[in-house]
Amino acid sequence: MQDLRINTEMPLGVIRQLRPSDLPKFREHLLRLDVESRRDRFNGPSNDAFVAAYADRAFRAGTTVIGYVEGDEVLGAAELHEIEGEGEPTGEIAFSVEQVLQHRGIGSKLFQRLIWHAHALGYTQLRVTTHPQNQAMKRLASRFNARLRFEGGETVGLIELEPVAEIFAPQVMPQPQPLAA
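Peer 1: When you look at helix α1 (residues 23–32) in this model, what are you seeing that I'm missing?
Peer 2: Given 3.6 residues per helical turn, the α-helix brings residues three or four places apart onto the same face. Taken together, the buried positions of α1 are Leu23, Phe26, His29 and Leu30. Summarising the axial view, the buried residues of α1 lie within an arc of 120°, below the 170-degree limit, and thus occupy one face. Looking at the buried side of α1, the elements it contacts are α2 (35–42), α3 (48–60), β2 (64–70), β3 (73–83) and β4 (90–97).

Peer 1: Explain the packing of α1 against α3 here, please?
Peer 2: Axis separation between α1 and α3 bottoms out at 9 Å; the angle between their running directions is 145°. The handedness of the crossing between α1 and α3 comes out as right-handed. Here Leu23, Phe26, Arg27, Leu30 and Leu31 of α1 come into contact with α3, specifically with Asp48, Val51, Ala52, Tyr54, Ala55, Asp56, Ala58 and Phe59. Here the residues of the contact of α1 with α3 are counted per class, giving 10 nonpolar, no polar and three charged.

Peer 1: What exactly am I supposed to notice about the pairing of β3 here?
Peer 2: The side chains of a regular strand alternate between the sheet's two faces. Of all 11 residues in β3, nine are buried; the element is thus mostly enclosed. Counted between consecutive antiparallel strands, the loop separating β2 from β3 contains two residues, among which Gly71 sits at a positive phi close to 60°. When β3 meets β4, the two strands line up antiparallel, connected through eight bridges. Within β4, the residue paired with His81 across the bridge is Glu92. Linkage of β3 to β4, two consecutive antiparallel strands, is achieved through a turn of six residues, within which Gly85 is found at a positive phi near 85°.

Peer 1: Teacher, can you tell me more about the pairing of strand β6 (residues 147–151) here?
Peer 2: Of the strand pairs in this sheet, β6 and strand β7 (residues 154–160) are connected by five bridges, and their pairing is antiparallel. Across the sheet, Phe150 pairs through a bridge with Thr155, a residue of β7. Here β6 folds back onto β7, and the loop between the two strands holds two residues, one of which, Gly152, carries a positive phi near 55°.

Peer 1: Honestly, the pattern of salt bridges in this entry has me stumped. Any pointers?
Peer 2: Two side chains carrying opposite charge are able to pair once their charged atoms lie near each other. Scanning all chains against the criterion turns up 12 salt bridges. With its nearest N and O atoms 4.0 Å apart, the salt bridge here joins Arg19 to Asp22. Among the residues examined, Arg19 registers a relative accessible area of 43% and is labelled partly exposed. We classify Asp22 as buried; its relative accessible area is 0%. For Arg38, the salt bridge goes to Asp48, with nearest N and O atoms at 2.9 Å. Separated by 10 residues along the polypeptide, Arg38 in helix α2 and Asp48 in helix α3 bring together distant segments of the chain. Asp48 gets classed as partly exposed once you look at its relative accessible area, which sits at 46%.

Cut-offs used in this document
- Residues numbered from 1 in each chain as written.
- Predicted model: local features only at pLDDT ≥ 70, side-chain atom pairs only at ≥ 80, totals over all residues.
- Heavy atoms only, no water.
- Buried < 20%, exposed > 50% of the residue type's maximum accessible area, 1.4 Å probe, protein only.
- Helix = DSSP H or I, 4+ residues; strand = E, 2+ residues; numbered from the N terminus.
- Arc of directions from axis to C-beta.
- Contact = heavy atoms within 4.5 Å.
- Axes fitted to C-alpha atoms, helices over the stretch in contact; angles between N-to-C directions.
- Left-handed = near helix turned anticlockwise from the far one by under 90°.
- Nonpolar A, V, L, I, M, F, W, Y, C, P; charged D, E, K, R; others polar.
- Pairing = 2+ DSSP bridges.
- Salt bridge = Lys/Arg side-chain N within 4 Å of Asp/Glu carboxyl O.

Okay, structure coming up:
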């Protein structure tokens, strides 16, 4: 049986963009999510076949996937999907962190990196959607100035991004660093 006690040690991995060759590790991460974490990530119940097909589609559809990687495993991920047809360049974002690593700042680090990447791609707003009981995601989105509202049975947040010119002058890509400081 898996030990689900909260580990308070600082994470030792790195946050980095996942490459296409990381697809199997990303898929394995999503499949390892416990029932509650999987429900939070996919806004409802999802079986293994759905999750595996979703991971495959994410890499084929041009989704940006940022991962928290320890050793040779992806243990957390943040995704940026383009929403076509919006008046403004808009991305939809989603997050997952394996239960034993939750509440250790990994979600915040993933969120920061994903916002940086969204800026670099020229997005002006980001949308996050979650079920109303996902308090952790609502708190995290609020920390990044998401305006949250209840819509169609879900909590929807919108984050307005500052213009790129005001953020990146000059542009310097931060180097991946271990989370332990």
